[in-house]
Amino acid sequence: MNDKATANAAGISARGLVKHYEAGRVRAVDGLDLEIAGGEFVAICGPSGCGKTTLLNLIAAIDRPDAGSLSVAGVSLTGLSGYAADGHRRSTVGLVFQLHNLLPNLTALENVQVPMLVTRRTPRERRARARALLERVGLSHREHALPNALSAGERQRVAIARALANEPRILLADEPTGALDSKNGARLLDQLDELQRDARTTLVVVTHDPQVAARASRVLEMLDGRITGSPAAASGD
Ligand SMILES: Nc1ncnc2c1ncn2[C@@H]1O[C@H](COP(=O)(O)OP(=O)(O)O)[C@@H](O)[C@H]1O
Ligand SMILES: [Mg+2]
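Residues numbered from 1 in each chain as written. Chains lettered and ligands numbered in written order. Predicted model: local features only at pLDDT ≥ 70, side-chain atom pairs only at ≥ 80, totals over all residues.

J.: How do you make sense of the environment of Ala213 when you look at a structure like this?
T.: Along the polypeptide, Ala213 turns up in helix α8 (residues 210–215). Sequence-wise, Ala213 and Leu103 are 110 residues apart; in three dimensions their C-alpha atoms are separated by 30 Å. (Helix = DSSP H or I, 4+ residues; strand = E, 2+ residues; numbered from the N terminus.)

J.: So what exactly am I meant to see when it comes to the sheet that holds strand β6 (residues 93–96) here?
T.: Sheet strands pair via backbone hydrogen bonds, and the direction of the pair is either parallel or antiparallel. What the 6 strands build is an open sheet, ordered β6-β7-β8-β3-β9-β10; its pairing is mixed. Strands with a single pairing partner mark the edges of an open sheet, and in this sheet they are β6 and β10 (226–229). The sheet shows a mean angle of 25° between the axes of neighbouring strands, direction not considered. With 3 bridges joining them, strand β9 (residues 218–223) and β10 adopt antiparallel strand pairing. Counted as the bridge partner of Glu221 is Gly229 from β10. (Pairing = 2+ DSSP bridges. Axes fitted to C-alpha atoms, helices over the stretch in contact; angles between N-to-C directions.)

J.: What should I look at first to understand the site of ligand 1 in this one?
T.: Taken together, Tyr21, Glu22, Val26, Ala28, Gly46, Ser48, Gly49, Cys50, Gly51, Lys52, Thr53 and Thr54 make up the full set of residues adjacent to ligand 1. Counting residues per element, the shell around ligand 1 draws most heavily on helix α2 (residues 52–59), at 3 residues. When the residues that make up the shell around ligand 1 are grouped by side-chain class, the tally is 4 nonpolar, 6 polar and 2 charged. (Near = placed C-beta within 6 Å. Nonpolar A, V, L, I, M, F, W, Y, C, P; charged D, E, K, R; others polar.)

J.: For this particular structure, what's the right way to read the domain arrangement of the chain?
T.: By convention, interface size is frequently given as the accessible area that disappears when the constituent parts associate. Here the chain is described as being made up of domain 1 (1–92 + 169–232) and domain 2 (102–167). Taken residue by residue, the interface counts 10 residues in domain 1 and 10 residues in domain 2. For the side of domain 1 that touches domain 2, the secondary structure elements donating two or more residues are α3 (82–91) and α7 (182–199). When residues in the side of domain 1 that touches domain 2 are grouped by element, the largest group, 3 residues, is from α7. Taken together, the residues of the side of domain 1 that touches domain 2 sort by class into 5 nonpolar, 3 polar and 2 charged. (Domains from an automatic or database assignment. Contact = placed C-beta atoms within 7 Å.)

J.: Is there a simple way to explain the environment of Pro147 in this structure?
T.: Within the secondary structure, Pro147 is located in the loop between α5 (123–136) and α6 (152–163). Judged by C-beta crowding, with 18 C-beta atoms within 10 Å, Pro147 ranks as partly exposed. A C-alpha to C-alpha distance of 9.0 Å links Pro147 and Asn111, two positions 36 residues apart in sequence. Non-local contacts of Pro147, meaning those with residues more than four positions away in its chain, are made with Leu102, Pro104 and Arg155. (Buried ≥ 20, exposed ≤ 12 C-beta atoms within 10 Å, placed from the backbone.)

J.: Just checking my understanding: could you explain the sheet that holds strand β4 (residues 67–72) for this structure?
T.: Strand order across the open sheet formed by 4 strands is β2-β1-β4-β5, with antiparallel pairing between neighbours. If you trace the sheet from one side to the other, it starts and ends with β2 (26–36) and β5 (75–76), each paired once. Pairing geometry for β4 and β5, over 2 bridges, is antiparallel. By the bridge assignment for β5, Ser71 is matched with Ser76. Here α2 sits on the sheet in contact with β1 (12–21), β2 and β4, set at roughly 60° to β2.

J.: What's the story with the pairing of β2 in this structure? I'm lost.
T.: Sheet faces and side chains relate simply in a regular strand, where the side chains alternate between the two faces. Examined bridge by bridge, β1 and β2 share 7 bridges and lie antiparallel to one another. The partner of Tyr21 across the bridge, within β2, is Val26. Connecting β1 to the antiparallel partner β2 that follows it, the hairpin turn spans 4 residues, and Glu22 within it adopts a positive phi of roughly 50°.

J.: It is not clear to me how the confidence of the model for the chain should be interpreted in this structure. Could you clarify?
T.: Close inspection of predicted coordinates is inappropriate for parts of the model with low pLDDT. Averaged over every residue, the pLDDT of the chain is 88; residues scoring 70 or more account for 93%. Every residue in residues 1–6 is under pLDDT 50, and counting partners more than four places away or in other chains gives 5 contacts. Contacts of residues 233–237 to residues separated by more than four positions or lying in other chains number 4 contacts, the stretch itself having pLDDT below 50. (pLDDT = per-residue confidence, 0-100.)

Spelled out as structure tokens, the structure:
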């Protein structure tokens, strides 16, 4: 870890965060408090429908909170303009989401370059960086493959490479090992560990997978739109 990496560590802080749907009938996030320090690896567990994906969407500024405060990497997301929200998504957070699929007509190498299209990198730099990222996830030999020709595990690895394209300080992942067998799941976890260790990337991973929770530095339980606790047994340190 170097000084730059330490300075880059970015935290997340929420107070009384609220996101309701359908005129308040669905209380997806309901007065949630959350404190994540820069460089932490936090797993969020909880039953289906408890608001995990909604929370990640708020942190990524894909959705806006109805009430409460939310600050990510020192920036308040509450009153952010659409333009600033785009910038936040592009430069601060990397997303590995279930529904953010790869573009089917682009090769692995092209998919990884997509987030870089809106940066100042030249085409040559974009390509070189995408290559390096695919190498990092062990997919150099598949860089010209279309998503259809890749296995679920390989597609997930391309999605990780794409999420890292702009060197996000925070990586948000929604059930990243859900579609993977245990070998590929373990490999993905090794890559996340490496990221956290080397780049001090803050990791927030929503998961049902005990393998993921075991790697996290902290496990948070979510229920009915709130963080309800942190099981003592989950921490290995
Ligand atoms: N866009 C939406 N419109 C209406 N209801 C939604 C929307 N997104 C999520 N919900 C509802 O909010 C609740 C929380 O959903 P979600 O955050 O996806 O939970 P989880 O990821 O924990 O399964 C669920 O009841 C879900 O049906
Ligand atoms: Mg979900």
